[in-house]
Amino acid sequence: MDRRDVNPLVAATEAPPIAEAWRWVEGRSFPADKPLIDLCQAVPGYPPADALTAHLAEQVRAPDTARYTAIDGIPPLTAALARRTGSLYGGDVAANEVLITAGCNQAFAVAVMGLARAGDNVILPAPWYFNHKMTLDMLGIEARPLPLREDNGLVPDPAEAERLIDAGTRALVLISPNNPTGAIASPDAIAALYALCERRGVKLLLDETYRDFPEWEGRAPHGLFQRPGWQRTLVQLYSFSKVYSLAGYRVGAVVADAAFLSQARKVMDCLAICAPHIGQKAALFGLETLDGWVAGKRADILARVHAFQSAMEASGTRYRIASIGAYFAYVRHPFTGTRAHDVAEGLARDHNILCLPGSMFGPGQDDYLRFAFANVDAAVMPEIARRLVESEG
């Protein structure tokens, strides 16, 4: 097809990185003593809770499940998420401040389409989540890179962020826990970025897809919902995909000012009309009944984090963890001057480890690799470290 037949903004957008990485191993077979270790995509390696599966089997038979829902989502779910958000963060959130979406990628698209137009800019900390960048590129919105540094814990520096803000800036994006780095921004760090956005009149677009996996020890991840008028500054994104192992059901959310969401509904109506009804019922069941199951999976994921750290330390590998948390480790590879893409493709080809190069997550990331270990048991971590040592030659 002639590229002139395609929207040039879409044609210029990078290809989906996960699909590219899978092409490195396409058509290969793997020996039993060295199977492929998939550290590529952030997806739970365990199925939904049995109780949830049984519930959904019943709901499929319910006549309403095949019908559209309200654009915002089913009222019991918007109300339940509003209550959960208020309870977790110690603030007040109303049901009309919740919009249910078909996954968190769609939540981001709905939010940025409601906030910005072509020619505006959104500040993206780099490394960034590639789907955020792809969405902005296709919309003609400038993704303005905010470089992150290891010596700052790979958390954005408010002073550096402020230097990037101009009259066209509509939002600053923060993912915590982060994809791709796993870095968890402290409540103080999040508060400082919120204060900057509040003062400069831009939105803090806070993606908390992975908030259910750290152990917060009775503390809230941040206190933003306790602030009077949080609606003027905060737009929170959330996903049910990871917490309830529902990635294929596509259900996420935007929590924001009700007046803003009344406009964002227009976007949602055109993109999907509503999130899948069955996914919404699954999310509601999870909120109402699966807290104990979630706690068990949280412990499981934390065990994988600790197992990966321990295996890397015990192996003596020259690969070094720059940041780790929730589903991810961001690892500095030892091959100075070598493109991360070449290192990652070599690990796939020669050592049957599939991970992503840092270059897929923005400029200045060629020294890094991203390992997503939520679908790998803790017992496999020593084998990962062994193969990394092997790759060093």
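As the structure is a prediction and not an experimental result, all values here were calculated from the model.

**Structural notes on the UniProt feature "domain: Aminotransferase class I/classII large" (unreviewed entry) in the chain**
Part 1 of the reasoning: Look at the UniProt record and you will see "domain: Aminotransferase class I/classII large" (unreviewed entry) annotated at residues 35–388.
Part 2 of the reasoning: The span residues 35–388 is 40% helical and 17% strand by assignment, and the distance between its end C-alpha atoms comes to 15 Å.

**Regarding the sheet that holds strand β10 (residues 328–332)**
Part 1 of the reasoning: Strands sit in the order β9-β10-β13-β12 across an open sheet of four strands; the sheet is antiparallel. Two strands in the sheet have a free side with no partner beyond their single neighbour: β9 (320–325) and β12 (356–357).
Part 2 of the reasoning: Pairing of β12 with strand β13 (residues 368–372) involves two bridges; the strand directions are antiparallel. Directly across from L356, in β13, lies its bridge partner R370.

**Points about the pattern of salt bridges**
Part 1 of the reasoning: Following the criterion strictly, the structure yields 24 salt bridges and no others.
Part 2 of the reasoning: Ionic pairing is found between R318 and E392, a salt bridge with its closest N-O pair at 3.2 Å. With R318 in the loop between α11 (291–315) and β9 and E392 in the segment after α13 (381–391), this pair connects stretches of sequence that are 74 residues apart.
Part 3 of the reasoning: In this structure, the salt-bridge partner of D342 is R339, at a minimum N-O distance of 2.9 Å.
Part 4 of the reasoning: According to the relative accessible area criterion, D342 is partly exposed, its value standing at 37%.
Part 5 of the reasoning: It is possible to trace a salt-bridge network through shared partners that takes in K34, E383, R386, R387 and E390.

**Considering the layout of surface pockets**
Part 1 of the reasoning: Of the pockets and cavities examined, the largest pocket occupies roughly 440 Å³.
Part 2 of the reasoning: What lines the largest pocket is a set of 23 residues, among which A42, N105, Y129, N131 and K242 lie closest to the centre.
Part 3 of the reasoning: Going through the elements one at a time, α2 (17–23), α5 (104–115) and α6 (130–139) are the ones with two or more residues in the lining of the largest pocket.
Part 4 of the reasoning: Classifying every residue of the lining of the largest pocket by side-chain character gives eleven nonpolar, eight polar and four charged.
Part 5 of the reasoning: Lining the second largest pocket are 19 residues, with R84, L88, D212, V294 and R298 positioned closest to its centre.
Part 6 of the reasoning: Elements with a contribution of two residues or more to the lining of the second largest pocket: α4 (75–89) and α11.
Part 7 of the reasoning: If one sorts the elements of the lining of the second largest pocket by residue count, α11 sits on top with four residues.
Part 8 of the reasoning: A class-by-class count of the residues in the lining of the second largest pocket yields ten nonpolar, one polar and eight charged.

Cut-offs and rules
- Residues numbered from 1 in each chain as written.
- Predicted model: local features only at pLDDT ≥ 70, side-chain atom pairs only at ≥ 80, totals over all residues.
- Heavy atoms only, no water.
- UniProt positions renumbered as here; feature names shortened; annotations may be inferred.
- Helix = DSSP H or I, 4+ residues; strand = E, 2+ residues; numbered from the N terminus.
- Pairing = 2+ DSSP bridges.
- Salt bridge = Lys/Arg side-chain N within 4 Å of Asp/Glu carboxyl O.
- Buried < 20%, exposed > 50% of the residue type's maximum accessible area, 1.4 Å probe, protein only.
- 1 Å grid on protein atoms, 1.4 Å probe; cavity = no way out; pocket = protein on both sides within 12 Å on 5 of 7 lines; lining within 4 Å.
- Points joined across faces, edges and corners; volume = space filled by probe spheres on them.
- Nonpolar A, V, L, I, M, F, W, Y, C, P; charged D, E, K, R; others polar.

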